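Residue-level structural notes
What follows is the residue order along each chain.
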Amino acid sequence: MATASNPRSFLARHEFLVRRLHSLTGLIPIGAFMTMHLAANASVLESPGTFQRTVYQIHSLGSLLPIVEWVFIFLPILFHGLLGLVIIRGGTMNTGAYPYASNVRYVLQRITGLIALVFIVSHVLHMHGWIHAEGWLEHVVRPLGGAQFRPYNAASTLGTAMQGTLIPLLYAMGLLACVFHLANGLWTMGITWGVWISPAAQRRATWGCAAVGSVLALLALAALRGAVTVDTHHAAEVENAMYEARVTAHELLPNEHKRARPQADHGRSARGAKVEGCW
Amino acid sequence: MTPESQPATLRQFPHLRTPDHLATPTRHTTPMADTEHGRIAREYFEVRILRQDGPGQASYWERHRVKYEPDMNVISALQKIAAHPVTIDGQPVTPVAWECNCLEEVCGACTMVINGHVRQACTALVDRLLEQRASEIELRPMTKFPVLRDLVVDRGRLFHALKKTISWVAVDGYYDRGPGPPQSQEEQEQLYPLSHCMTCGCCVEACPQYAYAEVTRLEGETDEAFAARQAATYDRLFVGAHAISQVVLFNSHPTGRHMSGVRLDALIAEGGIQACGNAQNCVAVCPQKIPLTTSIARAGRASTAHTLHKWFER
Ligand code: HEM
Ligand code: SF4
Ligand code: SF4
Ligand code: FES
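Residues numbered from 1 in each chain as written. Chains lettered and ligands numbered in written order. Predicted model: local features only at pLDDT ≥ 70, side-chain atom pairs only at ≥ 80, totals over all residues. Heavy atoms only, no water.

Focus on the sheet that holds strand 2 (residues 59-67) of chain B
All names here are of chain B. With respect to topology, five strands assemble into an open sheet ordered 2-1-5-3-4, the strand pairing being mixed. For this open sheet the edge positions go to strand 2 and strand 4 (117-120), each flanked by a neighbour on one side alone. Across the sheet, the axes of successive neighbouring strands diverge by a mean angle of 30°, strand direction being ignored. Of the pairings in the sheet, the one linking strand 3 (residues 111-114) to strand 5 (residues 137-140) comprises two bridges and is antiparallel in character. Across the sheet, residue Val-113 finds its bridge partner in strand 5, namely Arg-140. Along the sheet, helix 2 (residues 74-83) contacts strand 1 (44-52), strand 2, strand 3 and strand 5; its crossing angle with strand 2, the most-contacted strand, is approximately 95°. (Pairing = 2+ DSSP bridges. Helix = DSSP H or I, 4+ residues; strand = E, 2+ residues; numbered from the N terminus. Axes fitted to C-alpha atoms, helices over the stretch in contact; angles between N-to-C directions. Contact = heavy atoms within 4.5 Å.)

In structure tokens, the structure reads:
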């Protein structure tokens, strides 16, 4: 019943579809990506070489990779996260008067969403830099200590970026927030989409989602532990050998922008290391 | 309850037992007699009420002292205040306004926020409330609806939601169409609880996604113009769990089902089921124990199916 003086916004007119898309993106692609991402990163616990192979697999997409990243990861996360902010503003938390467990989870879903938003934005900046334009990387991201991950020196640059106590602590918080958010979001999706309907089915779903959450939490902490405990010198040697071998076998096009430089200095201070050229 | 303390009918028909939350406390649990359990014998108790003289006016707290009697409920306390409308400081005031009707928790008229929790005043027992908080009983009007006066609110938005979602079975017509199709026992058992909804508003009062809304009349606005503007505003806001559950009830009814598409269209319009944030306070506070989360899940599934159906059948 909109009048000319009071037009309804796009969001209001398509509220149902937009909210269903928000719910869906939480699982596909974001939740699915996060699960794969955690599993891939946990492979660093096995050995730097294993992790490097995983990363080579991902980077075998070549110039398609940025498109895949943006279409299937960054844009859905930005859509879900920014719309999440709008949704959070539309509710009024009332756990003071109604301290039920499900109401507390409603609040936690929103708090962990906010933590996830801050964490993901800074995490992508820290490792990846968001946009691979040299001016942006050189003048904005690297002075902030970002864009530290180099795909062809995967474990060593990861390990270097994760040194200290503050960064691993912040990562642990961010990871656990994301995991809770996904596990609890899975449960609420079951209501949103009508998957678990009876109270008995909902109770079973609670166990199921708690199990999924616990496994993901372990995976996340394993990946974090793996990253923190990398022997960066040894890792860099393995990675460089793998790089040379692949280039010699014509399995890989040489690409210095995906490598850490200067290599000799590697592991002591990638943060201070001057990286030239575009990536 | 010991058998002797039960009324004769209950001794004969034990299955007629009153549900626990409605049960009258037995004498020995009242604060009067129970000094050995740390409760103080009392002659009076205090009631703190959030009052408001009229729509749009400022609200203010007022304290009353009420003579204690065993087995009172909040309505009987309010009756005593009305009979002797004097505040605790001896100020004569206008009687506090409230609504009630059935006095047995089936009409929903007496719904208010008692000690911070939304519920029916007629089944809020003073003895129990004083066990919770001995110093006073706090009464305030529901916070999601416009206050008309004191504890009386305009719950019209709840009924508007039922109209928006066509929550009835349309049987009007010129022809006798004969009896409707029968309902299976299983369906009856599933739907009967949903029919207990008394549109009391507890579910939406506790819902974090249901925001307070009040439309105030403009200078010189006619009744019709005001009603239309109010309806247009309510249309855009969250319908609430009760309406979602009523859609499930009438969409499952063998005759009501004929209009299921129209109801689902209303449920996916602005302010529809998508505004629910799955906090599940509704189901926790519903005095009729209606399985609202089950209804929301059912309606959620049906809404998505309906939308897909419309995309591919048009
Ligand atoms: C980037 C920051 C994020 C914010 C601000 C955010 C916010 C939200 C909010 C407010 C909801 C509740 C929606 C509702 O009740 O209707 C929600 C649901 C959900 N989110 Fe997120 N989220 C973020 C990131 C993520 C991430 C990283 C994941 C996956 C790991 C995720 C997965 C989900 C899921 C599965 C739901 C459930 C949807 C439903 O109930 O239908 N979100 N998110
Ligand atoms: S669903 Fe329950 S709480 Fe909501 S209006 Fe109906 S009876 Fe009241
Ligand atoms: S489940 Fe939905 S309708 Fe019920 S209280 Fe939560 S947000 Fe409100
Ligand atoms: S008077 Fe009807 S529910 Fe209380």
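Comments concerning the packing of aromatic side chains
Residues and elements named next belong to chain A. This model, assessed by the stated rule, comprises ten aromatic pairs over all chains. Residues Trp-70 and Trp-130 carry aromatic rings whose centres are separated by 6.2 Å and whose planes lie at 50° to one another, so their mutual orientation is tilted. Taken as a pair, Trp-70 in helix 4 (residues 65-89) and Trp-130 in the loop between helix 5 (101-127) and helix 6 (134-141) lie far apart in primary sequence, 60 residues in all. Using a relative accessible area of 29% as the deciding quantity, one classes Trp-70 as partly exposed. (Phe/Tyr/Trp six-rings, centres within 6.5 Å; stacked < 30°, edge-to-face > 60°. Buried < 20%, exposed > 50% of the residue type's maximum accessible area, 1.4 Å probe, protein only.)

What to know about the nonpolar core
Formed by 51 residues in total, the largest nonpolar core has its most connected members in Phe-238, Ile-244, Leu-267 and Ile-296 of chain B. The set of elements that each furnish at least two residues to this core consists of helix 8 (166-192) and helix 9 (199-228) of chain A together with helix 4 (156-164), helix 6 (202-205), helix 8 (241-252), helix 9 (260-267), helix 10 (281-285) and helix 11 (292-313) of chain B. No other element matches helix 8 of chain B, which puts seven residues into this core. Here this core gathers at least three residues from each of two domains, domain 1 (3-149) and domain 2 (155-312) of chain B. Other than its neighbours up to four places away in sequence, Phe-238 of chain B contacts Arg-157, Cys-207, Gln-209, Tyr-210, Ile-244, Gly-271, Gly-272, Ala-275 and Cys-276 of chain B. (Core = buried A, V, L, I, M, F, W, Y, C linked by side-chain atoms within 4.5 Å. Domains from an automatic or database assignment.)

Focus: the coordination of the iron atom of ligand 1
All names here are of chain A. Surrounding the iron atom of ligand 1 are the protein donor atoms His-80 (NE2) and His-181 (NE2), at 2.0 Å. Taken together, the six donor atoms coordinating the iron atom of ligand 1 and their angles of 87 to 179° define a geometry best described as octahedral. Placement of the pair is His-80 in helix 4 and His-181 in helix 8, with a sequence separation of 101 residues. Both residues of the pair, His-80 and His-181, belong to the buried class. (Donors = N, O, S within 2.8 Å, 3.2 Å for Na, K, Ca; no water. Tetrahedral: all angles 85-135°; square planar, octahedral: opposite > 155°, others 65-115°.)

Brief notes about the site of ligand 2
As a matter of local geometry, ligand 2 sits amid 13 residues, with Cys-197, Cys-200, Gly-201, Cys-203 and Cys-286 of chain B nearest to it. Classifying every residue of the shell around ligand 2 gives nine nonpolar, four polar and no charged. (Near = heavy atom within 4 Å. Nonpolar A, V, L, I, M, F, W, Y, C, P; charged D, E, K, R; others polar.)

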